[in-house]
Amino acid sequence: MGKLTGKDLITTIDWEKDDLIKLLELAEDMQKNRYHKKYTEVLKYKTFMMFFYNPSVRTRQSFETAATELGGHAQFLEPKSMRLKTAKTAGETVEDAANVMSRYGAGLGIRILEDQISAYGEGEKLLREYAHYSSIPVMSMAHDKFHPMQGLADIMGLRKHLGKKLEGKTFTLVWGKGALARSWSSIQEALVLYSRFGMNVRIASPEGYDLDPEVIDYTKSQCEKNGKKFLITHDQKEAYEGSNIIYSRNWMTPNAYANGSLDKQGEIEKSLKYNDWICDMEKMKLTDDAVFVHPMPVDRGNEVTDEVASGKRSIIYDIAENRLHVQKAAMMMTMV
Amino acid sequence: MGKLTGKDLITTIDWEKDDLIKLLELAEDMQKNRYHKKYTEVLKYKTFMMFFYNPSVRTRQSFETAATELGGHAQFLEPKSMRLKTAKTAGETVEDAANVMSRYGAGLGIRILEDQISAYGEGEKLLREYAHYSSIPVMSMAHDKFHPMQGLADIMGLRKHLGKKLEGKTFTLVWGKGALARSWSSIQEALVLYSRFGMNVRIASPEGYDLDPEVIDYTKSQCEKNGKKFLITHDQKEAYEGSNIIYSRNWMTPNAYANGSLDKQGEIEKSLKYNDWICDMEKMKLTDDAVFVHPMPVDRGNEVTDEVASGKRSIIYDIAENRLHVQKAAMMMTMV
Amino acid sequence: MGKLTGKDLITTIDWEKDDLIKLLELAEDMQKNRYHKKYTEVLKYKTFMMFFYNPSVRTRQSFETAATELGGHAQFLEPKSMRLKTAKTAGETVEDAANVMSRYGAGLGIRILEDQISAYGEGEKLLREYAHYSSIPVMSMAHDKFHPMQGLADIMGLRKHLGKKLEGKTFTLVWGKGALARSWSSIQEALVLYSRFGMNVRIASPEGYDLDPEVIDYTKSQCEKNGKKFLITHDQKEAYEGSNIIYSRNWMTPNAYANGSLDKQGEIEKSLKYNDWICDMEKMKLTDDAVFVHPMPVDRGNEVTDEVASGKRSIIYDIAENRLHVQKAAMMMTMV
């Protein structure tokens, strides 16, 4: 039983920075000693419940693998077949579902993105409602606002490739055109987490691609607190120049849900007009030999060229692997 | 190898009462010693096949957790994607499916409710057909007539909260309005099992909500054999007064399938007219400090008020937890 | 680490015959010592990724059981919910998916049949593409051209029932009418593998049911190399007479996809006209007391009568069981 036993991990903001660093150090040791007995008995005979309101690739694979490597088992559960109560349908309340799962499981992971909720912010609220009624720790497996495990996996990758002293590094989040109308989840996570780790933050996008103002304010306040620079620009050149980390990713406009449901086609059409908003070798040359970061799946040919995504400075597979390690570490810290 | 090794558990009626008591005692010890080595090696490296003709929450979660805690693994299988032969489609016969699964698995659980069959009773028949061709034990994970594991979980909960001597306690099954048109499975299980354990049985419902006459006859005969009272009434007051156990649950009329397929909307509309058929604090005051029992999911605001369902005398979460323990016990008794 | 560690098993043709024999011998020992410690630790805490482009019964059950019995865990993944890039949709490339899974898993199994691809041969190409980008071994769990695990399970069954010297036995593949429009996968596997093991090969079908000419040529060349007979006929009597192994199975015409997508109804209608193309006791009497072989699911009453399928010389359940053992052997040989 550690001091974090029972603690939820819904956002990284809820955690002390020191505890996040301990989590990263544990994850790094887990990578080195992947099947060591000190880790393979952690969840022995225990169950981790995975609640996928939205499907996923990496999240499913990495959480299920994590439970297996800790000696336990992850159940793949889809609420759509679970007769849960919603605004529209009769069914089981969160109170009841959470109370019962707390009797069976050692932990509960939930993934819920913007298309499963009625308004931005509702996903995180639902996670907090589950956490309120659960006596086991609740973890975000990505929700409408944040994606803590992705952010931690990113930082673990940056620590490996840029060194453990990330303070003062310059991080550029650059919007990319794309055919998939992406959530704000991973990129907002990057903003709040990278800024907390002392990096300079630059955000570049065409006009009209603003993010959650609260997230922007938080990020800015972290940069100020750390004496670091914060920049929002529509000029890609300014954003790439001298940067150490390029994170090129598509995201939706704040109006994507203006008509009540996601206007995916409209978002994609609008997005694909910005022909020049792709991360390519030429732009990467403006940087200070930056690493290329992406939460995957990568929309190659839109967000980034093959040359960059499969290039020497791309650390996307290392980061994807880190999902496994940081999740194992989070499970070990909170569930035993 | 115990004397029940290889035995099916399709209905509790098929089992001697003494063996059911042994199962409950084993389950109670499993709860106390949840991860003790005497239990965690029981299904080591072995597979339990779960056949879900109908989806489920608690049943899936509790059986899969049970297999994990016994050291084994439960496969989540949905016959809809299994090309099985039906009245309408070509495909694999039960003979072939059962014979092959017997080569892979240590046991087979099947869930099949009334909407997956052509007539009431066909679900249990199908389970018995699987059992006929299987060389491994077959378990009901709820079928059209009964839900053995739910009944055993109920009794385990009653033994904890009312004491092991259940003889002479008064059990009231009271119909509740509801928006979910519920199966007879759990409540008929309660009738046959509670009566066998020597309780007085009262059934209260509006007119037109009769249950399977064979089940009623069996229950009545058990009450007579045990010198206990049996009552069917349309008067809620009479049903609640002095009772020790209140089980408020919606169920369908016997005409729900009169037109060949489930008239769910009709059932719900009819049901919701009975405004007064909800278990509330006022009615609970008529009882002898009764415990509130429900197999979940609870249709709060219809079957029962929040005040009762989340109140001090509600034992619904304990019962839900017991699903895990009685299933582990059943698996251990029949599969090794 | 054996000499085959890391080796893919996409087709049996890719493997030396000696290695296939070693695999069969290992599988035979695994059957005898199913839960022996020398096998139950093989994949301890490790993950096998199962990619089902097409659903399946036996393949899912046997691979998942295999991973469990080797101490590991198999993840059941359906690419349809995985946002993979296809000719029609944006999404993740095989390069990215394979690279990431290689970080999580110990091995990757893929099932892809003809209805998920645009042209015959594309399935095997896709498997080879996954193998190219994976650093973990890739296994076919059946694809449009071949089904290696089925073939190996067949041979293991024949070794048990006909003796280990299969050279010189006569194998008859006979088309059966059917209501399921079956893939060429299992039967082409049988042709290439049985011929390599020195059997005489006979193929019997109505006109118009030709198979892949390359597979036929390969089979013929193996028969010639081994000094064995090869026959294609439309005469059932000629095919059954004196045979040691009868494999009666429906398959599609080469024109099934002539209009771009599968004309399943057309295939079934055409097929069901061939009333006499069913394996029955009378025809079995023409053989040299042949065993009856089928990869299942069996379309009883079309491909074969109940009397034969459930008869004394039917070895279909033994073969189905062997799927488990040969897959465990293949996993052990290639993944550790």
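Note that the structure is predicted; figures quoted are calculated from it, not measured. (Residues numbered from 1 in each chain as written. Chains lettered and ligands numbered in written order. Predicted model: local features only at pLDDT ≥ 70, side-chain atom pairs only at ≥ 80, totals over all residues. Heavy atoms only, no water.)

## Looking at the interface of chain A and chain C
Phase 1 of the analysis: Taken together, the contact pairs 33 residues of chain A with 26 residues of chain C.
Phase 2 of the analysis: In total, about 2600 Å² of surface goes out of reach between chain A and chain C, with carbon and sulfur atoms giving 51% of it.
Phase 3 of the analysis: The salt bridge partner of Arg 300 of chain A is Glu 95 of chain C, with a shortest N-O separation of 3.6 Å.
Phase 4 of the analysis: For the interface between chain A and chain C, the tally reads 16 residue pairs in polar contact (both at pLDDT 80 or more).
Phase 5 of the analysis: Of all elements in the fold, only helix 3 (58-69) and helix 13 (316-335) of chain A reach the threshold of two or more residues within the side of chain A that touches chain C.
Phase 6 of the analysis: Per-element tally for the side of chain A that touches chain C: the top contributor is helix 3 of chain A, with eight residues.
Phase 7 of the analysis: Its residues assigned to classes, the side of chain A that touches chain C shows twelve nonpolar, eight polar and 13 charged. (Contact = heavy atoms within 4.5 Å. Buried area = accessible area lost by both parts, 1.4 Å probe. Salt bridge = Lys/Arg side-chain N within 4 Å of Asp/Glu carboxyl O. Polar contact = N/O pair within 3.5 Å; in protein donor to acceptor, adjacent residues only side chain to side chain. Helix = DSSP H or I, 4+ residues; strand = E, 2+ residues; numbered from the N terminus. Nonpolar A, V, L, I, M, F, W, Y, C, P; charged D, E, K, R; others polar.)

## So, the interface of chain B and chain A
Phase 1 of the analysis: With 33 residues of chain B in contact, the opposing surface of chain A contributes 26 residues.
Phase 2 of the analysis: Buried area between chain B and chain A, summed over both chains or domains, comes out near 2600 Å², and the portion from carbon and sulfur atoms is 51%.
Phase 3 of the analysis: Our count for the contact surface shared by chain B and chain A stands at five salt bridges.
Phase 4 of the analysis: Put simply, chain B and chain A have 16 residue pairs in polar contact (both at pLDDT 80 or more) between them.

## Regarding the domain arrangement of chain A
Residue and element names in this part refer to chain A.
Phase 1 of the analysis: Considered domain by domain, chain A is made up of domain 1 (12-147 + 321-335) and domain 2 (151-319).
Phase 2 of the analysis: One C-alpha centre belongs to domain 1, the other to domain 2, and the line joining them spans 25 Å.
Phase 3 of the analysis: In this assembly, 29 residues from domain 1 lie in contact with 31 residues from domain 2.
Phase 4 of the analysis: Three residues stand out in domain 1 for area buried against domain 2, namely Leu 24, His 147 and Asn 322, and they jointly supply 21% of the buried area on that side.
Phase 5 of the analysis: Viewed at the interface, domain 2 and domain 1 are joined by two salt bridges.
Phase 6 of the analysis: Here Glu 28 and Lys 164 are joined by a salt bridge, their closest N and O atoms 3.6 Å apart.
Phase 7 of the analysis: On inspection of domain 1 and its partner domain 2, the count reaches 22 residue pairs in polar contact (both at pLDDT 80 or more). (Domains from an automatic or database assignment.)

## So, the relation of the copies chain A and chain C
Phase 1 of the analysis: Superposition of chain A onto chain C requires a rotation of 120° combined with a translation of 0.0 Å along the rotation axis, giving an RMSD of 0.0 Å. In short, the pair behaves as if placed about a three-fold rotation axis. Nearest to the rotation axis, the C-alpha of His 73 of chain A is located 5.0 Å from it, this being the minimum over chain A.
Phase 2 of the analysis: Taken as a fraction of all interface residues of chain A, those also at the interface in chain C reach only 6%, which identifies the copy contact as different-surface. (Least-squares fit on C-alpha atoms with pLDDT ≥ 70 in both.)

## With respect to the packing of helix 1 (residues 17-32) of chain A against helix 13 of chain A
All names here are of chain A.
Phase 1 of the analysis: It is the contact of helix 1 with helix 13, at a shortest axis distance of 8 Å, that shows an interaxial angle of 120°. Regarding the angle of helix 1 to helix 13, the classification is oblique. Note on packing geometry: the crossing formed by helix 1 with helix 13 is right-handed. Here Asp 19, Lys 22, Leu 23, Leu 24, Leu 26, Ala 27, Met 30 and Gln 31 of helix 1 come into contact with helix 13, specifically with Glu 321, Asn 322, His 325, Val 326, Lys 328, Ala 329, Ala 330, Met 332 and Met 333.
Phase 2 of the analysis: Taken together, the residues of the contact of helix 1 with helix 13 break down into ten nonpolar, three polar and four charged. (Axes fitted to C-alpha atoms, helices over the stretch in contact; angles between N-to-C directions. Parallel < 35°, antiparallel > 145°, perpendicular 65-115°, else oblique. Left-handed = near helix turned anticlockwise from the far one by under 90°.)

## With respect to the pairing of strand 2 (residues 73-77) of chain B
Residues and elements named next belong to chain B.
Phase 1 of the analysis: With four of its five residues buried, strand 2 lies for the most part within the structure.
Phase 2 of the analysis: The sheet contact formed by strand 1 (residues 47-52) and strand 2 spans five bridges and is parallel. When the sheet's bridge partners are listed, Met 49 is paired in strand 2 with Gln 75.
Phase 3 of the analysis: What joins strand 1 to strand 2 is helix 3 (residues 58-69), and the crossover it makes is right-handed. (Buried < 20%, exposed > 50% of the residue type's maximum accessible area, 1.4 Å probe, protein only. Pairing = 2+ DSSP bridges. Right-handed = clockwise from strand over helix to strand, strands pointing away.)

## Some details on helix 13 (residues 316-335) of chain C
All names here are of chain C.
Phase 1 of the analysis: Taking 1.5 Å per residue as the helical rise, helix 13 with its 20 residues ought to reach 28 Å, and the 28 Å between its terminal C-alpha atoms agrees with that figure.
Phase 2 of the analysis: The sharpest bend along helix 13 comes to roughly 25°, located at Asn 322.
Phase 3 of the analysis: Most of helix 13 sits out of view: 19 of its 20 residues are buried. (Expected span 1.5 Å × (residues − 1). Bend = angle between axes of the 7 residues up to and from the residue.)

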